[in-house]
Amino acid sequence: MKNSRRYLLISLIVLGFMSCSDDDVPVANNVTLEFNNTFEDNTIVLGDATSSEATVHTSDAGQVHHFSELKYVISNIRLIKEDGTEIPYNVNDLDKGATVVDQSKEATLQYVLSDIPSDEYVQIKFGLGVKTELNNLDQASFPDFYAVAGANDTQMHWEWGTGYRFTKIEGFYDTDNKELSIHTGSTIEGEEGSYTQGVDAYRDITLDLPTNAIVGSGSPKIKIKADFDYLLSGNSYTITLVSTTDITNNATPSAHTATEMMKFVDNIGGNGDTDITGMFSITAVEN
Amino acid sequence: MKNLIRTVAFVLLLASCSNDDNLELVAFDNPEVSLNIPSDFPELNSAVYNNLPTQYGIELGEKLFFDNKLSADNTISCSTCHIQKNAFSDHNKKAIGIENRIGLRNVPPIQNMAFMQFYNWDGSKLKLEDQPLVPIITHEEMDSSILEVIGKIEDDEDYIELFYKAFGDEEITPDRIYNSIAQYEYTLISSNSKYDKVKRGEGETFTEEEAQGYAVFKEKCISCHSTELFTDQSFRNIGFPLNSNSEEAGRSRVTGDIKDYMSFRVPSLRNIEYTAPYGSFGQFATLKDLLDYLSNGVLEADNLDPILKDNDNRISLTDEEKNNLISFLKTLSDKEFIGQ
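Residues numbered from 1 in each chain as written. Chains lettered and ligands numbered in written order. Predicted model: local features only at pLDDT ≥ 70, side-chain atom pairs only at ≥ 80, totals over all residues. Heavy atoms only, no water.

### Quick notes on the overall build of chain A
Spelled out, the test is: Note on conventions: DSSP H or I runs of at least 4 residues are helices, E runs of at least 2 residues are strands, and numbering of each starts at the N terminus. For each residue, the accessible area found with a 1.4 Å probe, counting protein chains only, is set against the maximum for its type, and the residue is called buried under 20%, exposed over 50%, and partly exposed in between. What makes two residues a contact is simply this: any of their non-hydrogen atoms within 4.5 Å. Working definition of accessibility: Shrake-Rupley area with a 1.4 Å probe, residue cover restricted to the visible protein chains.
Of regular secondary structure, chain A possesses five helices and 19 strands. Sorting the 287 residues of chain A into buried and exposed places 52% on the buried side. Expressed as a percentage of contacts within chain A between residues at least 6 apart in sequence, the contacts between residues at least 24 apart total 70%. Carbon together with sulfur atoms contributes 48% to the accessible area of chain A, which is approximately 13,000 Å² in total.

### Examining unusual backbone geometry
Going from B:Ala276 to B:Pro277, the amide bond is cis rather than trans, its omega being -5°. Here B:Pro277 shows up in the loop between β2 (264-265) and α12 (287-296). You will see that A:Leu137, though not glycine, has its phi angle at about 50°, which is positive. In this structure, A:Leu137 sits in the loop between β8 (119-128) and α3 (143-150). Residue classification places A:Leu137 among the buried positions, given a relative accessible area of 3%.

### Regarding the interface of chain A and chain B
Convention followed: We define buried area as the total accessible area lost by two parts upon association, computed with a 1.4 Å probe and summed across both. Throughout this description, the term salt bridge denotes a Lys or Arg side-chain nitrogen within 4 Å of a carboxyl oxygen of Asp or Glu. Note on residue classes: Ala, Val, Leu, Ile, Met, Phe, Trp, Tyr, Cys and Pro are nonpolar, Asp, Glu, Lys and Arg are charged, and everything else, Gly too, is polar.
Counting residues at the interface gives 25 residues for chain A, matched by 29 residues for chain B. Summed over both partners, the interface of chain A with chain B comes to about 2,400 Å²; 55% of that surface belongs to carbon and sulfur atoms. Remark: the boundary between chain A and chain B carries zero salt bridges. Breaking the side of chain A that touches chain B down by element, the ones donating at least two residues are α3 and β14 (194-197) of chain A. Considering only residue class, the side of chain A that touches chain B consists of nine nonpolar, 13 polar and three charged.

### A short note on the domain arrangement of chain B
Residues and elements named next belong to chain B. The following threshold applies: What counts as a domain boundary in this text is fixed by an automatic or database domain assignment. Polar contacts, as used here, are pairs of N or O atoms within 3.5 Å; protein pairs need one atom able to donate a hydrogen and one able to accept it. Residues neighboring in sequence count only if both atoms are side-chain atoms.
You can read the domains of chain B as domain 1 (31-186) and domain 2 (194-338). The centre of domain 1, based on its C-alpha atoms, is set 26 Å off from the matching centre of domain 2. Taken together, the contact pairs 31 residues of domain 1 with 31 residues of domain 2. Carbon and sulfur atoms make up 56% of the area that domain 1 and domain 2 hide from each other, which totals about 2,700 Å². Looking at the side of domain 1 facing domain 2, the largest losses of area belong to Leu104, Trp121 and Asp122, adding up to 24% of the total buried there. Our count for the domain 1 to domain 2 interface comes out at three salt bridges. In this structure, Glu248 engages Arg105 in a salt bridge whose closest nitrogen and oxygen atoms are separated by 2.6 Å. Where domain 1 meets domain 2, there are 15 residue pairs in polar contact (both at pLDDT 80 or more). Here the side of domain 1 that touches domain 2 is composed, by residue class, of twelve nonpolar, twelve polar and seven charged.

### So, the pairing of β8(A)
Residue and element names in this part refer to chain A. Counted only if it meets this: Pairing between strands requires that DSSP locate at least two bridges from one strand to the other.
Burial within β8 is extensive, with seven of its ten residues counted as buried. Across six bridges, strand β4 (residues 64-81) lies against β8 in antiparallel orientation. Of the residues in β8, the one forming a bridge with Ile74 is Leu128.

### Overview of the nonpolar core
Quick reminder of the rule: Throughout, nonpolar core names a set of buried Ala, Val, Leu, Ile, Met, Phe, Trp, Tyr and Cys residues whose side chains join them through atoms within 4.5 Å.
Counting residues in hydrophobic clusters, the biggest one holds 71 residues, and the most contacted among them are A:Leu94, A:Phe145, A:Tyr164, B:Leu64, B:Leu70, B:Ile177 and B:Tyr186. Counting residues per element, the ones that place at least two in this core are α3 and α5 (261-269) of chain A together with α3 (55-65), α5 (133-137), α6 (146-153), α7 (157-167) and α8 (174-186) of chain B. The element best represented in this core is α8(B), accounting for six residues. Each of domain 1 (31-186) and domain 2 (194-338) of chain B gives at least three residues to this core. When residues no more than four places from it in sequence are discounted, the contact partners of B:Leu64 are B:Leu70, B:Ile153, B:Tyr159, B:Ile177, B:Ser180 and B:Ile181. Core analysis: the second largest hydrophobic core is formed by 45 residues, A:Val31, A:Ile182, A:Leu207 and A:Leu209 among them.

### Regarding the packing of aromatic side chains
Residue and element names in this part refer to chain B. This is how it is decided: Stacked, edge-to-face and tilted labels apply to pairs of Phe, Tyr and Trp rings (six-membered ring for Trp) whose centres lie within 6.5 Å, assigned for plane angles under 30 degrees, over 60, and everything in between, in that order.
Counted under the stated rule, the structure contains 30 aromatic pairs over all chains. With a centroid separation of 5.1 Å and 80° between ring planes, the pair formed by Phe41 and Phe115 is classed as edge-to-face. Of the two residues, Phe41 sits in the loop between α2 (21-28) and α3 while Phe115 sits in the loop between α4 (78-81) and α5, which places them 74 residues apart along the sequence. Here Phe41 and Phe115 have matching classes, each one buried. For the ring pair Phe284 and Tyr293, a centre distance of 5.3 Å and an interplane angle of 55° mean the geometry is tilted. Each of the two residues, Phe284 as well as Tyr293, counts as buried.

See below:
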């Protein structure tokens with residue numbers, strides 16, 4: 001009895017394969033998101049204060065700067081079909097649908113979405129950061145993402161806010177290499193529709209694909225550029241960094257006092273209204 | 001599997017008691033404990049109604065509060081920093097946690113929390129239940145994680161029994177930990193100081209100095225340190241010396257609003273005698289130092305509270321007024337509360 005059931009199973013599997021074998025497309029396939037973190041067209045190379053290799057960039061306000069650390073969270077990924085249907089990718093499961101892009105870790109620059117239904121996709125949406133409903137460091141529900149984000153060399157837990165850090169950027173600015181340290185995250189409290197206090201640093205990004213991503217027999221790669229020129233010279237603000245805590249002169253502290261955090265958030269993630277791309281763009285879709 | 005065996009064992013245990021009717025009742029009964037709400041205290045935080053203290057919830061919360069297992073290396077409990085004889089604060093300028101790491105701010109007392117609408121110096125948390133995770137995970141405090149904590153206590157017979165008694169089954173969840181700690185904290189009500197006894201007409205009277213201090217207080221302090229908690233729970237910048245740590249922005253790190261820069265929740269002054277040093281990072285060793293500073297003049301700031309700004313950036317006080325004020329402030333000491 002046991003054996004006969006096994007045979008049945010095997011024959012079913014074989015049948016299944018046979019039915020596909022004459023060029024039929026699988027029902028689903030992978031889509032790879034590839035992140036290229038740049039200053040304009042140059043891929044960023046990280047480096048410490050005196051590094052000669054680090055990519056140095058000049059802001060609109062004329063400040064040279066480079067980074068030693070560059071991390072951000074991508075979650076809430078959705079692919080949009082030609083007819084407008086959204087295919088959400090584990091949007092309520094941080095373990096399966098969120099990732100920390102870390103410029104110092106090659107492997108994190110590629111994020112593979114598995115089991116995407118075969119179809120043609122014209123647009124991608126994703127979140128920079130974690131949407132408020134999931135942003136509570138719920139280790140019991142999402143132990144894997146909690147561990148990845150909290151690793152000693154990652155430090156994307158925002159402890160006092162009991163949420164995730166959405167971006168963590170460390171580096172140096174001006175010719176004397178003063179330290180810059182820019183962290184973003186949400187402090188918003190209360191339920192959706194009736195928030196009681198705090199700021200929402202989550203940004204929903206929408207990007208049109210220059211050519212359709214065709215999922216089926218192929219598994220396309222979507223190349224996403226994150227241009228950190230926007231950090232100091234974005235659509236919303238032209239920022240001059242200062243090292244003092246005096247924030248009365250309309251300059252922005254170079255360290256994470258959080259007070260002026262939303263300027264950086266709007267620059268790289270868009271203001272959520274007239275700017276829904278922020279620093280992101282699609283450079284190519286490889287089918 | 002282990003859980004199953006445990007449950008079966010527990011049921012058997014209960015069954016074995018069931019000959020004795022009284023015991024059975026005790027085993028399943030977890031009565032609500034009504035809070036002793038002092039007259040004239042402000043409204044309860046509405047979160048209390050969703051997490052009403054129960055006998056075993058409180059007991060469990062208290063056990064957790066005093067348990068070093070909440071820290072990564074089993075050296076720090078909540079009570080390491082929140083010490084009863086200091087009205088559940090401590091005597092360091094800034095908090096000292098695991099491996100002697102120094103935190104950002106001064107440890108506030110834990111008292112009358114049920115009546116507060118904002119927690120922490122910057123009001124970052126609005127419900128007490130949301131607060132315990134912060135010290136558990138903070139690198140400078142306990143540097144642990146909630147699953148690590150659960151891993152350490154889930155095989156402990158005392159905890160298994162208490163979770164069962166408090167919540168009706170022995171499952172240990174993060175929320176049950178947070179809720180029981182909050183229930184315990186809700187019971188930490190201080191309202192038996194000399195001030196309270198004078199007010200309630202329980203036979204005590206202010207000395208001459210205390211009475212004069214109270215008069216100064218009503219003139220110069222009560223616009224912020226109001227209500228029976230001696231705080232109006234607003235956020236204000238009163239120009240205290242600044243914390244140079246770049247993490248510090250006061251209330252504005254929560255609101256992102258520059259108008260809240262270096263503003264802090266007006267602290268309660270109950271049990272102030274026991275909670276030195278003072279200020280958000282322990283700027284002042286004594287009450288005298290603090291009053292000298294207020295009287296000599298505070299730091300200028302765009303958002304300096306108008307009460308100071310309109311008065312030459314100071315609250316001027318004579319030496320006599322300072323002494324009398326300090327005498328009055330000491331009438332807010334509640335010996336019963338600090339266990340003496």
